[in-house]
Amino acid sequence: MSLRPLTTPWFHGPAGHEKIWLGCAILWCFVMSLMMPYWHFRGKQNSTGEAYTVKPADFFARTEKFVAANQVGTYKNQTGNALMGELPLCEPPAGGDAYLIGRMWQWYPALRLRQGETYRLHLSSLDLQHGFSLQPLNMNFQVLPGYDHVLTITPTSKGEFTIVCNEFCGAGHHAMSGKIFVE
Amino acid sequence: MSTSSHNLAAPGTPGRVCGTTGLGVCLDAQRFIKLNAVCGIVFLLLGGIAALLLALTRWQTVHLLPVDWFYRILTFHGINMLILWILFFEVAILYFACTTPLNARLFSRKIAWASFLMMLVGAVMVDYIILAGQADVMMTSYLPLLAHPLFYLGIILVAVGTLTGVFNFFATLYVAKRDHAYEGSMPIVTFGATAAAIIAVVTLLHGAVVMIPTFTYSMGWTAQPDPAWYRLIWWGLGHQSQQVNVCAMVSVWYLLSHIVVGARPINEAVCRTAFVLYILFINLASAHHLLVDPGVGATWKIWNTSYAMYLAVLASMVHGFTVPAGVEIAMREKGYTSGIFGWVTALPWKNPAFSATALSLVIFGFLGGITGVTLGTQQINIIAHNTLRIPGHFHVTVVGGTTLAFMGLAYYVVPLIFQRDFIFRGVARVQPWLFGIGITLLSFGMSFAGSMGVSRRSWDIDAQGVYGPGAHLWLGVLGIGGVLAFIGLLVFALLCVGTLFFGAKIEQRAMFDWGTPPALAGSKSGSLANDHYATKGTIILALVFLACFAVYYFANWKALADVWPVR
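Predicted model, so just to flag it, every value in this text is computed and none were measured.

Conventions we followed
Residues numbered from 1 in each chain as written. Chains lettered and ligands numbered in written order. Predicted model: local features only at pLDDT ≥ 70, side-chain atom pairs only at ≥ 80, totals over all residues. Helix = DSSP H or I, 4+ residues; strand = E, 2+ residues; numbered from the N terminus. Buried ≥ 20, exposed ≤ 12 C-beta atoms within 10 Å, placed from the backbone. Contact = placed C-beta atoms within 7 Å. Rg over C-alpha atoms; globule rule 2.2 N^0.38 Å. Domains from an automatic or database assignment. Core = buried A, V, L, I, M, F, W, Y, C linked by C-beta atoms within 7 Å. pLDDT = per-residue confidence, 0-100. Bend = angle between axes of the 7 residues up to and from the residue. Expected span 1.5 Å × (residues − 1). Axes fitted to C-alpha atoms, helices over the stretch in contact; angles between N-to-C directions. Parallel < 35°, antiparallel > 145°, perpendicular 65-115°, else oblique. Nonpolar A, V, L, I, M, F, W, Y, C, P; charged D, E, K, R; others polar. Pairing = 2+ DSSP bridges. Left-handed = near helix turned anticlockwise from the far one by under 90°.

1. Section: the overall build of chain B
- Broken down by element type, chain B carries 15 helices and two strands.
- In terms of overall dimensions, chain B has a C-alpha envelope of 70 × 55 × 45 Å along the principal axes.
- Burial analysis of chain B (567 residues in total) assigns 64% to the buried set.
- Residue pairs at least 24 apart in sequence account for 85% of intrachain contacts in chain B once pairs closer than 6 positions are excluded.

Okay, structure coming up:
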């Protein structure tokens, strides 16, 4: 009885249907446990969490240096109610480093990447926590102040991609956006 | 035992004999069960009103609240639902589980008062400072976001108050054992509650570790804690507290299936081992929130996210089988033996406590469990983190699962503890269905919108210019589900509060019978105790569950394989 103390011996192993179910459940847990290490070695999408501590001011300086060296134009935002008006458009060298700042409320600068090339994308914040959310692909990574979060990323599809912020960062959070163009 | 049951072990302790169950009830425990349960339901109602406003804002076509109030109400909703309603009600459950089933009296009235008052003062403090606009930081209050010091102080008070109540629970267990208030092993309901209490202690200690330095920082006394450290420790509070709910909910499943149908665990040893697995492995779940964070490596993520090989998930799958299996055995023994599922149709679906339990189990398992394990898979989290898929998951665990189970429990707690029969019982029979369907629709709306990239905790999706009619449609489903669930919640709160004032008094007679399946001719209790192959219906349902799980799980790996390579 579930509501009164047990006075008869109750310790016995599983049997019958319960044993079958336990076997199935353990096997399934085993499959799920193995999927993650398997994907780590054989799959192409992993979050390794590669990161370095960095002072926000230093990250800002690195980004400004990156923008000065790689700016190829200016991106003008056409969306009516967006907070971000204009951003420098930068094209990092294939296989090279790209810097992206999250701050209230924009992703700075806009990037132009080449399809099939691999980049080291450095993400950090100058103020609050932000969420790097690449749409419409729906790839999401956390961005923290004080941490240089490095994504080694290979764009495999062409087009215009919007970076949405998906970590709450104040009243302008919903309109915080940025751009990645892949050619 | 029958003659001494109202003595509650210690002579002279004020107690009464329940007119329905014949069990002894400690009047001290009864008073604090009442106080905590009523407060819980008040906070549930406050959180529910906030939920309605939020659903009507995220429903992009309605878009009710202005931007500052949206985030303010979202913070309010999270705190009231995930912390206040749940903790108050759980303390009520703990006080019940350590007294009546063990024939014991509550350890200390003073400690119970101290616990209750600390929790209440802290709760009022937090709610006030949020509504005053001084803490628009979300429930998680991620640093460097900073709220008014009263926000952190209120949470610390609630946590310390709860810990004090949990101490009273453990002290009651100890005294009951020492004074031989009961013979043998504690019942499964108390065992499950004990597991919940142990997890609660670990959880609340995490809360203290993270909230105290944040409070001193907000006062300007200490430096700002590291944001990544904050996330790690905060989720030791944030996720683990939800596992207290899982434990309490499973205990309620065992309790209600026993009260309504007469079910008992088919194997006590396995059920209890499953609870121990929760205690041992569930604290690793904090990692589920850091799967795409910087600074934590893949090995750490994989080990922790799998709860060291999904052993806590295994525990849920054990309970998910054992509870319906116990019901099936009880029904077959009562004579409902036709076919594989004859016992299912004969179940008392009009009994609101039963329908709440059954819906809670199905919603928690099929929707909450499957989505939770999948979203918490290290790599799959890349296509889910901070999107609406996350609240789409936890609204079917903590709301469709825990809250619905607790509502079911109230249909017995209110008559048995407050000693009044429910008013408008016809409405009560519909309430769990309304709430369950509403919350399921809400979750579907969130999950599909999230799959289209719509983020959680966002006031508006149109400013980005990237979301199409599909996302808007699913946000509409979210809105409609939210309205339905709110009506279900409002009906529940009004029924409970109305019953306290206007319900027919029970005194020594039995409470109104919500409906239990009668034993048919030729039935024999315990006749299937040694038939280990009698649960044909349950094993089939469990295998259907596993098939759904596998399909959803691998479909998500496929979706992940379609995005850009990243490491």
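2. Section: the overall build of chain A
- When you go through chain A residue by residue, the secondary structure sums to two helices and twelve strands.
- When the elements of chain A are put in sequence order from the N terminus, they spell out α-β-α-β-β-β-β-β-β-β-β-β-β-β.
- Here the C-alpha atoms of chain A give a radius of gyration of 24 Å, more than 25% beyond the 16 Å that 2.2 N^0.38 yields for 183 residues.
- Its C-alpha atoms put chain A at 80 × 40 × 35 Å along the principal axes.
- Residue burial in chain A is summarised as follows: out of 183 residues, 45% are buried.

3. Regarding the domain arrangement of chain B
All names here are of chain B.
- With domains assigned, chain B is organised as domain 1 (24-184) and domain 2 (348-509).
- Computed over C-alpha atoms only, the centres of domain 1 and domain 2 are separated by 19 Å.
- Opposite the 26 residues of domain 1 that make contact, domain 2 presents 23 residues.
- Secondary-structure elements contributing two or more residues to the side of domain 1 that touches domain 2 are helix H1 (27-58) and helix H2 (67-99).

4. A short note on the nonpolar core
Residues and elements named next belong to chain B.
- In this structure, Phe88, Leu94, Tyr95, Cys247, Leu314 and Ala449 are the most contacted members of the largest nonpolar core, which totals 255 residues.
- With 23 residues, the single largest contributor to this core is H2.
- Sequence-distant contacts of Cys247, that is, excluding residues within four places in its chain, are made with Gly192, Ala195, Ala196, Ile199, Phe275 and Tyr278.

5. Structural notes on the confidence of the model for chain B
Residue and element names in this part refer to chain B.
- Confidence in the prediction of chain B, expressed as mean pLDDT, is 91, and 97% of residues score 70 or more.
- Per-element confidence in chain B ranges from a low mean pLDDT of 82 for helix H8 (residues 298-305) to a high of 97 for helix H3 (residues 109-131).
- Confidence over residues 1-7 falls short of pLDDT 50; this stretch has nine contacts with residues more than four positions distant or in other chains.
- Scored as a whole, the predicted complex attains pTM 0.93, and scored at its interfaces, ipTM 0.94.

6. A look at the domain arrangement of chain A
- Domain parsing of chain A yields domain 1 (9-45) and domain 2 (51-182).
- Computed over C-alpha atoms only, the centres of domain 1 of chain A and domain 2 of chain A are separated by 40 Å.

7. Let's talk about helix H12 (residues 389-418) of chain B
- Approximately 35° is the largest bend angle found in H12(B), and it occurs at Tyr412(B), with the proline Pro415(B) only one to four residues beyond.
- Positive backbone phi, at 55°, marks Gln419(B), one or two positions downstream of H12(B).

8. Considering unusual backbone geometry
- Residue Trp105(A) is bonded to the preceding Met104(A) through a cis peptide linkage, with omega at -5°.
- By secondary structure assignment, the location of Trp105(A) is in the loop between strand E4 (97-103) and strand E5 (106-108).
- Look at the link from Tyr108(A) to Pro109(A): it is a cis peptide, with omega at -5°.
- Within the secondary structure layout, Pro109(A) lies in the loop between E5 and strand E6 (110-113).
- The residue Asn103(B) is not glycine, and still its phi comes out positive at about 60°.
- Structurally, the position occupied by Asn103(B) is in the loop between H2 and H3.

9. Observations regarding helix H13 (residues 425-451) of chain B
All names here are of chain B.
- The first and last C-alpha atoms of H13 sit 40 Å apart over 27 residues, in line with the 39 Å expected at 1.5 Å per residue.
- At Gln431, H13 shows its maximal bend, which comes to roughly 30°, and the proline Pro432 appears one to four places after that position.
- Looking one or two residues past H13, Gly453 carries a phi angle of roughly 95°, positive in sign.

10. Digging into the packing of helix H5 (residues 188-218) of chain B against helix H7 (residues 268-281) of chain B
Residues and elements named next belong to chain B.
- Two elements in contact, H5 and H7, have axes separated by 9 Å at closest approach and are oriented at 10°. One finds that H5 runs roughly parallel with respect to H7. In this structure, H5 uses Ile188, Phe191, Gly192, Ala195, Ile198 and Ile199 to contact H7, whose residues at the interface are Glu268, Cys271, Arg272, Phe275, Tyr278 and Ile279.
- In the contact of H5 with H7, the residues fall into nine nonpolar, one polar and two charged.

11. Let's talk about the interface of chain A and chain B
- In this complex, chain A contributes 73 residues to the contact, which on the side of chain B involves 80 residues.
- Of all elements in the fold, only helix H1 (16-42), strand E8 (130-135), strand E9 (139-143), strand E10 (147-153) and strand E11 (159-165) of chain A reach the threshold of two or more residues within the side of chain A that touches chain B.

12. Things to note about the pairing of strand E12 (residues 177-182) of chain A
Residues and elements named next belong to chain A.
- Relative to E12, E6 is paired through three bridges, and the arrangement is parallel. Each bridged residue has a counterpart across the sheet, and for Leu111 the counterpart in E12 is Ile180.
- Pairing geometry for E11 and E12, over six bridges, is antiparallel. Within the sheet, the bridge partner assigned to Ile163 lies in E12 and is Gly178.

13. A word on the packing of H1(B) against helix H14 (residues 469-502) of chain B
Residue and element names in this part refer to chain B.
- Between H1 and H14, the shortest axis-to-axis distance is 9 Å and the interhelical angle comes to 160°. The angle between H1 and H14 falls in the class roughly antiparallel. Judged by the sense of rotation from one axis to the other, the crossing of H1 with H14 is left-handed. Between H1, through Ile41, Leu44, Leu45, Gly48, Ala51, Leu52, Ala55, Leu56 and Arg58, and H14, the contact on the second element is made entirely by Leu475, Leu478, Gly479, Gly482, Val483, Phe486, Leu489, Leu490, Ala493 and Cys496.
- Residues belonging to the contact of H1 with H14 are distributed by class as follows: 15 nonpolar, three polar and one charged.

14. Considering the environment of Tyr552(B)
Residue and element names in this part refer to chain B.
- Relative to the helices and strands, Tyr552 is located in helix H15 (residues 536-561).
- We classify Tyr552 as partly exposed; it has 15 C-beta atoms within 10 Å.
- Considering only alpha carbons, one finds Tyr552 and Gln464, 88 residues apart in sequence, at a separation of 29 Å.
- Beyond its immediate chain neighbours, meaning those up to four positions away, Tyr552 contacts Ile370 and Thr374.

15. Description of the pairing of E8(A)
Residue and element names in this part refer to chain A.
- The buried fraction of E8 is high, at six of six residues.
- Of the pairings in the sheet, the one linking E8 to E9 comprises five bridges and is antiparallel in character. Paired with Gly131 across the bridge in E9 is Gln142.

16. Some points on the environment of Ala559(B)
- Among the secondary structure elements, Ala559(B) is positioned in helix H15.
- For the pair Ala559(B) and Ile383(B), spaced 176 residues apart in the sequence, the C-alpha separation amounts to 8.1 Å.

17. Quick notes on the environment of Ala171(A)
- Along the chain, Ala171(A) falls in the loop between E11 and E12.
- You can call Ala171(A) partly exposed: it has 16 C-beta atoms within 10 Å.
- For Ala171(A) and Leu22(A), which are 149 residues apart along the polypeptide, the C-alpha to C-alpha distance reads 49 Å.
- When near neighbours in sequence (up to four residues on either side) are disregarded, Ala171(A) contacts Val67(B) and Asp68(B).

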